[in-house]
Amino acid sequence: MYEIKNHPVDPAYAKDANLTLEQYQAWYKESLEQPDQFWAARAEQFLTWSKPWSKVNEYDFSKGEATWFKDGKLNASYNCIDRHLATRGDQVAIIWEGDDPNDDAKITYKELHEQVCRLSNALKQRGVKKGDRVCIYMPMIPEAAYAMLACTRVGAVHSVVFGGFSPESLKDRILDSDCQVLITADEGVRGGRHIPLKENADKALEHCPDVHTCLVVKRTGGDIAWHDNRDIWYHELIAQMSSDCPAQEMDSEDPMFILYTSGSTGKPKGVMHTTAGYMLGSAMTHKYILDYREGDIFWCTADVGWITGHSYIIYGPLANGATTVMFEGVPTYPDASRCWQVVDKHKVNTFYTAPTAIRALMSQGEGPVKQCSRASIRLLGTVGEPINPEAWEWYYNVVGEARCPIVDTWWQTETGSVMIAPLPGAFTLKPGSATLPFFGIEPALVDGEGNELEGATEGNLIIKRSWPSQIRSVYGDHQRCIDTYFSTYPGSYFTGDGARRDEDGYYWITGRVDDVLNVSGHRMGTAEIESALVLHKAVAEAAVVGYPHDIKGQGVYAYVTLMSGIQPSEALRKELLDVVSKEIGAIAKPDLIQWAPGLPKTRSGKIMRRILRKIAANELDTLGDTSTLADPSVVNDLIDNRANQ
Ligand code: PRX
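About the thresholds
- Residues numbered from 1 in each chain as written.
- Predicted model: local features only at pLDDT ≥ 70, side-chain atom pairs only at ≥ 80, totals over all residues.
- Heavy atoms only, no water.
- UniProt positions renumbered as here; feature names shortened; annotations may be inferred.
- Near = heavy atom within 4 Å.
- Polar contact = N/O pair within 3.5 Å; in protein donor to acceptor, adjacent residues only side chain to side chain.
- Areas by Shrake-Rupley, 256 points an atom, 1.4 Å probe, with all protein chains shown as cover.
- Helix = DSSP H or I, 4+ residues; strand = E, 2+ residues; numbered from the N terminus.
- Domains from an automatic or database assignment.
- Contact = heavy atoms within 4.5 Å.
- Salt bridge = Lys/Arg side-chain N within 4 Å of Asp/Glu carboxyl O.
- Axes fitted to C-alpha atoms, helices over the stretch in contact; angles between N-to-C directions.
- Expected span 1.5 Å × (residues − 1).
- Buried < 20%, exposed > 50% of the residue type's maximum accessible area, 1.4 Å probe, protein only.
- Pairing = 2+ DSSP bridges.

The chain goes by Acetyl-coenzyme A synthetase in an unreviewed UniProt entry, where it is assigned to Ketobacter alkanivorans. Taken directly from UniProt, the Cofactor (unreviewed entry) text for the chain runs: "Mg(2+)". Database annotation for the chain, UniProt heading Catalytic activity (unreviewed entry): "acetate + ATP + CoA = acetyl-CoA + AMP + diphosphate".

Next comes the structure, spelled out in structure tokens:
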């Protein structure tokens, strides 16, 4: 067992930090005891309103309902751009770093304003109105940020779909929220390879007859098909538009965006966030947890297709008037020192990434890190999955040279912004622990029956009261929102995660307790992958579980039962991987496939996933009771034929 060493606050860091431990304790207490007073003051401090709210908060978890800053009026795009123009119009808002190290761009707040206004007018000209949904399927280029901010400027609800998703996934998302406009690019560029976004979009749109406009950014100039009655070059359209577009006044609770995420059952859900609470959550956590200080260069390596990119590349940093870095490429291209080259080039102060990236870089040794200075870095962050203490220490000692605190931030697409994380300079850090809750967040641990567990213990993680940036609904299916998050433990929000709490009250997230996988920080449902596999005509049944993976955190392990008479083969294995890529995207491809003549089932026919997880993880001594299985002998066969890891 790896010995975990606590890291007390470093006074050199703490002297300029935003908050002290005493302030945290006082504010946290106030946030729970006088929430209206606490949040009203923060809403005034962090956001600019065109009309004040009438009530800070009301919520009813039994109906999955929450209202924050009722009747208040504001606009997210205005808060991210316009209000900064007078004081920081010439400051760089976005530093874009291309996939090719020689490619970069700096966009000032003034330029951002002009670009977003032009696109906003273009959207309006194409008929987009307040409340309409617009799908964004883009590479990591500034136009992705313009697209999001133009949507929020005109009051449209954006649905960003990660560029790594397949045409099939894109189609499902477009149809689910009835998007009629798509913004994409001819191709993306990552690690020197071209990603055929427009070609994927064309395939998706074959099944989306209501999409009347496809705006195409010319990124590479690669060959693409063109549909005259639907496709429009982005640059041609915005060139004709005015660079002035007043922001649409929005209600606090007007929907701001939808982001699809995987759950344990069915197709991905459209998690819906609304305007004021989301903006407050992202801005406030960016300031205090990512310890934003005036003039900082802030780099979050996520893709805008995930919630991390929404909250910490775009909305949080821009609301705070920061300079945010947007990186098109991958950490290992052209070589494993790329991140640190970018840090040195742009003098990055805060670097926020996923444990999987840290582990991948760690596997390349210290050389690539040490060849760069990294002197500008002050703070390091992680997000998306549990970080193992070994990786934490490597990040701390090698990347941060033992002078930069690490903020391990726990949160979810549904929570909108960080929920449990250290305040750097205020908290003692414990490698592997996300530490303590942010202001207004009231976590608890419960057992399977919902009994709250006290003290140092382990259980299922719930949140006992509403917070501003919480999920408001599942788009088009509010009942699913109630069933998924608010029914398991009535009166509380259920996170789907397990956690341990230590004697200091620190939380250690242990991972999902449902059938959701976290592969390289990407969330996916086992049910989605199983549904894809059984589409292949040779497959009778499939069961997918996660298993520990050195770099990815979790790998995808698929047990596949073939139709009788079909023989397994390498060719078939490849076909199955292709089906998953086609249906979901390459990120969901199983790492291992085991041909399973039978699956362990109860007498009522339910697959015993617990046993499958144990076999995949090679934890054969703790399989548990198998005597209740309809046919216990299948377990021996599965053990004898485990897939190689
Ligand atoms: O299991 C938790 C894990 O990621 C899940 C949320 O995934 P997603 O909605 O895609 O959002 C990821 C980025 C916010 C959680 O239920 N997770 C996220 N952050 C951490 C984490 N697990 C452990 N430690 C974290 N810091």
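**Some details on the site of the ligand**
Near the ligand lie 17 residues; those nearest to it are Asp408, Thr409, Thr413, Asp497 and Arg523. Side-chain polar atom of aspartate 408 to a nitrogen atom of the ligand: 2.7 Å apart, as the coordinates give it. Coverage of the ligand by the protein chains reaches 96% of its 540 Å² of free accessible surface.

**Some thoughts on the UniProt feature "domain: AMP-binding enzyme C-terminal" (unreviewed entry) in the chain**
Residues annotated by UniProt as "domain: AMP-binding enzyme C-terminal" (unreviewed entry) correspond here to residues 528–606. Here residues 528–606 runs as 25% helix and 32% strand, with 17 Å between its end C-alpha atoms.

**So, the domain arrangement of the chain**
When its domains are assigned, the chain resolves into domain 1 (11–500) and domain 2 (520–641). Distance between the C-alpha centres of domain 1 and domain 2: 33 Å. Taken together, the contact pairs 23 residues of domain 1 with 19 residues of domain 2. Our count for the domain 1 to domain 2 interface comes out at 1 salt bridge. As a salt-bridge pair, arginine 523 and glutamate 414 come within 2.7 Å of each other at their nearest N and O atoms. Viewed at the interface, domain 2 and domain 1 are joined by 12 residue pairs in polar contact (both at pLDDT 80 or more). At the level of secondary structure, the elements contributing two or more residues to the side of domain 1 that touches domain 2 comprise α7 (167–176) and α13 (355–362). At 3 residues, the largest contribution of residues to the side of domain 1 that touches domain 2 is made by α13.

**Things to note about the packing of helix α2 (residues 21–33) against helix α3 (residues 35–46)**
It is the contact of α2 with α3, at a shortest axis distance of 5 Å, that shows an interaxial angle of 115°. Facing Trp27, Glu30, Ser31, Leu32 and Glu33 of α2, the residues of α3 in contact are Pro35, Gln37, Phe38 and Arg42.

**Looking at helix α10 (residues 275–288)**
Between its first and last C-alpha, α10 extends 20 Å over 14 residues, near the 20 Å set by a 1.5 Å rise per residue. The element α10 is extensively covered by neighbouring structure, given that 13 of its 14 residues are classed as buried.

**Details of the sheet that holds strand β25 (residues 493–501)**
Read from one edge of the open sheet, 5 strands run β22-β21-β23-β25-β26, paired in antiparallel fashion. Because the sheet does not close on itself, it has two edges, and the strands there are β22 (452–453) and β26 (507–512). Here strand β21 (residues 443–446) pairs with strand β23 (residues 457–463) via 4 bridges, running antiparallel. Pairing of valine 446 across the sheet is with asparagine 460, part of β23.

**Focus on the sheet that holds strand β31 (residues 592–595)**
With mixed pairing, the 3 strands of this open sheet are ordered in space as β29-β30-β31. Each edge of the sheet is formed by a strand with only one pairing partner; in this case those strands are β29 (539–549) and β31. For this sheet, the mean inter-axis angle between neighbouring strands, taken without regard to orientation, is 25°. Strand direction decides the pairing type here: strand β30 (residues 553–562) and β31, joined by 4 bridges, are parallel. Each residue of the ladder has a partner; that of valine 560, found in β31, is tryptophan 595.

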